[in-house]
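A closer look at the structure
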Amino acid sequence: MATPWLICVKALVGGLFVTGFAVLGEMLQPKRFAGIFGASPAVALANLLVIALAKGDGMARDAATGMIAGSIALAVACAVAVPAVRRWGAMRGSGALWGAWIVVGGATAVPIAGGAAAGPGAAAGPGAGLPAGRRARRGPKTGETTDRSDDRDEKQSDGRPFAVDLGAVREIRRGALALRFVFGAAISVVSGLIGIVAGQRAGGVMLAAPVVLTATLTIIERQEGRGPAVTEVQGAVPGALALIGFALVAGATIAALPLAAALVAALATWVVAGIGGYLAQSALLPAWQQQVRDLALQRRAADAGAVYGDSLVGRL
């Protein structure tokens, strides 16, 4: 397949995978658990599939190997971004996220991806973790930390670590899904071009670039407030750590197992590690759960007061 057509196919498949993961993420509660999808392997999975089918298992393995460096950098960058977004907001916090990713990614890419040689037609798949789609709600202004969705999360999770809300699919806006598709396609194109110039392993580093995550943080803060943006990046930390496992398993099995088995094994590794990391995070930091409950109680009290005030005005 000619390189231009290959990049177009990557863009299409990457966009579709991003959209699918966004729908899955939207059905998950609470928000911090859904935030794991801020570091999902959606675009990476799509592009590794296309590379393996079009260019062979060897090139797909090289891309997955390079992805290890980007995943390590993403995990560190997400941890750095949590206090940065909480203090400075999504825009400046995203700058800290990118700065940490570039520094750590550059340091780890030298030993991991530095041995790759660029070759003609070597196209790498992209992709940052995919952020989960979000319903566009009117929330508090930027800088505020309260969020009406905390009440919804508390009700739907009902004390459980996480829950699935199938009804949330009806509330997903088409514009939000279209935006995720565009992000996934754009990352695929950019990463493919980098792979052509610098080789598959160098392109593979971009499989864990935080492009979609940073854009999503800004959108969430604008629509729902700073608190949900912080929650998103908090959930992305275990997702990014799990992404390292995805890259390791994919790099080790793509050439050794049938392609479908290798990608399923890598995806299963990400799912198990991501959920395990989230549960460990919740156990180590129970204050987050208490914060969600406190915010939910505050919101219920405010809503009850508003309803009582409206009824009193109606009587007068």
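What counts, and where the lines are drawn
- Residues numbered from 1 in each chain as written.
- Predicted model: local features only at pLDDT ≥ 70, side-chain atom pairs only at ≥ 80, totals over all residues.
- Heavy atoms only, no water.
- Helix = DSSP H or I, 4+ residues; strand = E, 2+ residues; numbered from the N terminus.
- Buried < 20%, exposed > 50% of the residue type's maximum accessible area, 1.4 Å probe, protein only.
- Contact = heavy atoms within 4.5 Å.
- Areas by Shrake-Rupley, 256 points an atom, 1.4 Å probe, with all protein chains shown as cover.
- Salt bridge = Lys/Arg side-chain N within 4 Å of Asp/Glu carboxyl O.
- Expected span 1.5 Å × (residues − 1).
- Bend = angle between axes of the 7 residues up to and from the residue.
- Axes fitted to C-alpha atoms, helices over the stretch in contact; angles between N-to-C directions.
- Parallel < 35°, antiparallel > 145°, perpendicular 65-115°, else oblique.
- Left-handed = near helix turned anticlockwise from the far one by under 90°.
- Nonpolar A, V, L, I, M, F, W, Y, C, P; charged D, E, K, R; others polar.
- Core = buried A, V, L, I, M, F, W, Y, C linked by side-chain atoms within 4.5 Å.
- Phe/Tyr/Trp six-rings, centres within 6.5 Å; stacked < 30°, edge-to-face > 60°.
- Polar contact = N/O pair within 3.5 Å; in protein donor to acceptor, adjacent residues only side chain to side chain.
- pLDDT = per-residue confidence, 0-100.

**What to know about the overall build of the protein chain**
Looking only at helices and strands, the protein chain has 12 helices and two strands in total. Considering the protein chain as a whole, with its 316 residues, one finds that 52% of them fall into the buried category. Sequence separation of 24 or more characterises 86% of the internal contacts of the protein chain that already satisfy a separation of 6 or more. If you sum the accessible surface of the protein chain, you get close to 13300 Å²; carbon and sulfur atoms cover 68% of it.

**Remarks on the environment of Thr3**
Secondary-structure assignment places Thr3 in helix 1 (residues 3-26). A relative accessible area of 22% means that Thr3 is categorised as partly exposed. Separated by 193 residues in the primary sequence, Thr3 and Ile196 have C-alpha atoms spaced 8.8 Å apart.

**Examining the pattern of salt bridges**
Taken as a whole and judged by the stated rule, the model has two salt bridges. A salt bridge links Arg201 to Asp62; the shortest N-O distance between them is 3.6 Å. Of the two residues, Arg201 is situated in helix 8 (residues 200-205) and Asp62 in helix 4 (residues 57-88); the sequence distance between them amounts to 139 residues. Assessed through its relative accessible area of 23%, Asp62 is described here as partly exposed.

**Structural notes on helix 10 (residues 226-253)**
End to end, helix 10 covers 40 Å across 28 residues, agreeing with the expected 40 Å (1.5 Å per residue, within 8%). At Val237, helix 10 shows its strongest bend, of approximately 30°, with the proline Pro238 following within four residues.

**Side note on the packing of helix 4 against helix 10**
Two packed helices can be described by the angle between their axes and the distance between those axes. As a packed pair, helix 4 and helix 10 sit with axes 8 Å apart at the nearest point and diverge in direction by 160°. Classified by the angle between their axes, helix 4 and helix 10 sit roughly antiparallel to one another. As helix 4 runs across helix 10, the sense of the crossing is left-handed. For the contact of helix 4 with helix 10, a count of residues per class yields 25 nonpolar, three polar and four charged.

**A word on the nonpolar core**
Judged by nonpolar contacts, the single largest core of 59 residues is most densely connected at Leu48, Leu74, Cys78, Trp101, Phe246, Ile254 and Trp270. Elements supplying a minimum of two residues to this core: helix 1, helix 3 (42-55), helix 4, helix 5 (90-113), helix 9 (211-224), helix 10 and helix 11 (259-284).

**Quick notes on the packing of aromatic side chains**
Tallying each qualifying case throughout the model produces two aromatic pairs. Between Phe37 and Trp270, the aromatic rings sit 5.5 Å apart at their centres with planes inclined by 90°, giving edge-to-face as the arrangement. Remark: Trp270 occurs in helix 11 and Phe37 occurs in the loop between helix 2 (31-34) and helix 3; sequence separation between them is 233 residues. Comparing Phe37 with Trp270, the two get one shared label, buried.

**Quick notes on helix 9**
The end-to-end C-alpha separation of helix 9 is 20 Å, in line with the 20 Å expected for 14 residues at 1.5 Å each. For helix 9, the full list of buried residues reads Val212, Leu213, Thr214, Ala215, Thr216, Leu217, Thr218, Ile219, Ile220, Glu221 and Glu224. One or two positions beyond helix 9, positive phi appears at Gly225, with a value near 110°.

**A few points about the environment of Gln234**
In this fold, Gln234 is placed in helix 10. Sequence-wise, Gln234 and Gly38 are 196 residues apart; in three dimensions their C-alpha atoms are separated by 9.4 Å.

**Regarding the packing of helix 10 against helix 11**
It is the contact of helix 10 with helix 11, at a shortest axis distance of 7 Å, that shows an interaxial angle of 150°. With respect to helix 11, the element helix 10 is oriented roughly antiparallel. Judged by the sense of rotation from one axis to the other, the crossing of helix 10 with helix 11 is right-handed. Listed contacts from helix 11 to Gln234, Val237, Pro238, Gly239, Ala242, Leu243, Gly245, Phe246, Val249, Ala250 and Thr253 of helix 10 are Ala262, Ala265, Ala266, Leu267, Thr269, Trp270, Ala273, Gly274, Gly277, Tyr278 and Gln281. Class assignment for the residues of the contact of helix 10 with helix 11 results in 14 nonpolar, eight polar and no charged.

**A few points about the side chain of Glu221**
Mapping Glu221 onto the fold places it in helix 9. A distance of 3.0 Å separates the side chain of Glu221 from the backbone nitrogen of Ala90, its partner in a polar contact.

**A word on the confidence of the model for the protein chain**
On average, the protein chain scores 74 in pLDDT, and the residues at 70 or more come to 68%. Mean pLDDT across the elements of the protein chain bottoms out in helix 6 (residues 148-157) (44) and peaks in helix 4 (91). In the predicted structure, residues 116-158 sits below a pLDDT of 50 and forms 172 contacts with residues beyond four places in sequence or in another chain.

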